[in-house]
Amino acid sequence: MSGPPPSAARTEDDAEIVAQSLEQSELFALLYDRYAADIHRYAARRLGDAAADDITADTFLTAFRIRSRYDRTRANARPWLYGIAGNLIGKQRRAEVRALRALARTGRDPLAASGGAFWLEDADSRIAAQGPLAGALAALSGPDRHVLLLVAWADLTYQEVAEALGIPVGTVRSRLNRARRKVRTALGADPAFVTDAVEVA
């Protein structure tokens, strides 16, 4: 196989790739090449490496199957893919909460101990691996935790989170604000500094 046509390979617009993939299905691989590593990294932080492999594969399989419904006014498919991944992660929410609670109790990540890399080995993960933060994350509602982690770990903007979850930006802001407030309180922040102010995206 000689690969995708040069014109498709140079396409920057994800919506165009999705549209072209309806006729040339192999072009959908361009989206996989662009975003699979990001989706895997995000899923691994939430559920561990083993589950992340499945989440990543299922995300792109689902996206491929429903690509005809993609909103082609959105040039960037990244939020769409994170939305699909989030739905799949949501189905495994109990496992995520159990792992977070175990980490909060023991200070040891049970997935990392069994060979999985639940938290990535960087500055973020050293902070995240602390028991109190894991406990605070576990205590959040699923929707609040999902919004917080899409912003903190996937680096999505408020608008991209809204697109990923199919909710208004105002809902993203309120969920994020509530999640941040609860996490700060759980970590012992002075209540005088825990405000309801919405941060600008």
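Because the structure is predicted, anything quoted here is derived from the model rather than measured.

Draft legend 1. The layout of surface pockets, seen in detail. A volume near 230 Å³ is recorded for the second largest pocket. Along the walls of the second largest pocket sit 15 residues, with G83, N87, H146, A164 and L165 positioned nearest its centre. Of the residues contributing to the lining of the second largest pocket, the split by class is five nonpolar, six polar and four charged.

Draft legend 2. Geometry of the pattern of salt bridges. All told, the structure shown has six salt bridges when counted by the stated rule. R74 is paired through a salt bridge with D71; the nearest N and O atoms lie 3.6 Å apart. Given a relative accessible area of 33%, R74 falls into the partly exposed group. Residue D71 is classed as partly exposed on the basis of its relative accessible area of 34%. We note a salt bridge from R78 to E160, for which the minimum N-O separation is 3.9 Å. In this pair, R78 is assigned in helix 5 (residues 78-90) and E160 in helix 11 (residues 158-165), connecting sequence segments 82 residues apart.

Draft legend 3. Expanded view of helix 2 (residues 14-21). Counting buried residues in helix 2 gives six out of eight residues, a clear majority hidden from the surface. Buried residues of helix 2: D14, A15, I17, V18, A19 and S21, and no others. Taken together, the buried residues of helix 2 touch helix 3 (29-47) and helix 5.

Draft legend 4. Quick peek at the packing of helix 10 (residues 142-152) against helix 11. For the pair helix 10 and helix 11, the least separation of the axes is 10 Å and the interaxial angle reads 130°. Comparing the axis directions of helix 10 and helix 11 gives the class oblique. Here the hand of the crossing between helix 10 and helix 11 comes out right-handed. Counted together, H146, V147, L150 and V151 of helix 10 and Y158, V161 and L165 of helix 11 form the full contact between these two elements. Of the residues assigned to the contact of helix 10 with helix 11, the class counts are six nonpolar, one polar and no charged.

Draft legend 5. Structural view of the packing of helix 4 (residues 49-65) against helix 5. One can describe the packing of helix 4 onto helix 5 by two numbers: an axis separation of 9 Å at closest approach and a directional angle of 125°. By the criterion of interaxial angle, the relationship of helix 4 to helix 5 is oblique. The hand of the helix 4/helix 5 crossing is right-handed. Note on element contacts: helix 5 touches helix 4 through W80, L81, I84, A85, L88 and I89, opposite I55, D58, T59, F60, T62 and A63. Here the contact of helix 4 with helix 5 is built from residues that sort into nine nonpolar, two polar and one charged.

About the thresholds
Residues numbered from 1 in each chain as written. Predicted model: local features only at pLDDT ≥ 70, side-chain atom pairs only at ≥ 80, totals over all residues. Heavy atoms only, no water. 1 Å grid on protein atoms, 1.4 Å probe; cavity = no way out; pocket = protein on both sides within 12 Å on 5 of 7 lines; lining within 4 Å. Points joined across faces, edges and corners; volume = space filled by probe spheres on them. Nonpolar A, V, L, I, M, F, W, Y, C, P; charged D, E, K, R; others polar. Salt bridge = Lys/Arg side-chain N within 4 Å of Asp/Glu carboxyl O. Buried < 20%, exposed > 50% of the residue type's maximum accessible area, 1.4 Å probe, protein only. Helix = DSSP H or I, 4+ residues; strand = E, 2+ residues; numbered from the N terminus. Contact = heavy atoms within 4.5 Å. Axes fitted to C-alpha atoms, helices over the stretch in contact; angles between N-to-C directions. Parallel < 35°, antiparallel > 145°, perpendicular 65-115°, else oblique. Left-handed = near helix turned anticlockwise from the far one by under 90°.

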